[in-house]
Amino acid sequence: MIRGLDGQGRESDDDPIVVQIADREAVDGSVAVYLRTGVSSAVRNRQVRVRETVDRLVEAGVLEDAEVVGWPERAREPADTDTEAAAVALYDEFVDAAGVRALEPFFEARPATGADDRIVDLPAICIAHREDGVLSALYPYWSDGDHHSIEDCMQALCNGDPIGNVRKS
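In this text, all values refer to a predicted model and were calculated from it rather than measured experimentally.

S.K.: Outline the sheet that holds strand S6 (residues 108–111), supporting the account with residue identities and numerical values.
M.R.: The strand order across the open sheet built from three strands is S5-S7-S6, with neighbouring strands paired in antiparallel fashion. Of all strands in the sheet, those bounded by a partner on one side alone are strand S5 (74–77) and S6. Averaged over all neighbouring strand pairs, the angle between strand axes comes to 20°, with direction disregarded. Bridge count for S5 against strand S7 (residues 118–121) is four bridges, and the pairing is antiparallel. Pairing of arginine 74 across the sheet is with aspartate 121, part of S7. Its contacts with the sheet place helix H2 (residues 82–98) against S5, S6 and S7, and it is angled at close to 90° to S5.

See the structure below:
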């Protein structure tokens, strides 16, 4: 891909992935995409689209540090697996940075019964951006009556628009 031109990824029938690479800098920091396992085919198609977009952004040099991580539909505390423990730790990080209201209804934490202290339900897709290890953007996210969707994040990354949206509430 030639820098300075707009780069187009693989096209779907409806909407090609176009990444603006002219007159822009690479995104500082790291981007992590969390994808829930065991989803429906419609959600899986959305996840594929997000993964393809991230791949195009990396290929274009817009994202230098990006990872895609699988996570479960729900995680219990205390965790049965390392994956559950990591998911609960991420949820706690997101709450500390943004507040629980910004995560609702996309995440849900509730008291559990029996030996579990709490259960955390996780969204099918989540994108987190960190600068110097500090959470600066989170999608999906709710702020002042505005829904910040996964598609909003992907569009902003492709267009070279700012993505930072985390404000402690």
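S.K.: Mind laying out H2, listing which residues take part and the relevant values?
M.R.: Counted at 1.5 Å a residue, the expected span for H2 with its 17 residues is 24 Å, and the 24 Å between its end C-alpha atoms agrees. For H2, the set of buried residues is Glu84, Ala87, Val88, Leu90, Tyr91, Phe94 and Ala98. Mapping the buried residues of H2 onto a view down its axis gives an arc of 160°, with all of them on the same face. Structural note: H2 exposes Asp82 and Asp96 on the side pointing more than 90 degrees away from its buried face. Within two residues after H2, glycine 99 carries a phi angle of roughly 90°, on the positive side.

Here is what the cut-offs are and how they apply
- Residues numbered from 1 in each chain as written.
- Predicted model: local features only at pLDDT ≥ 70, side-chain atom pairs only at ≥ 80, totals over all residues.
- Heavy atoms only, no water.
- Pairing = 2+ DSSP bridges.
- Helix = DSSP H or I, 4+ residues; strand = E, 2+ residues; numbered from the N terminus.
- Axes fitted to C-alpha atoms, helices over the stretch in contact; angles between N-to-C directions.
- Contact = heavy atoms within 4.5 Å.
- Expected span 1.5 Å × (residues − 1).
- Buried < 20%, exposed > 50% of the residue type's maximum accessible area, 1.4 Å probe, protein only.
- Arc of directions from axis to C-beta.

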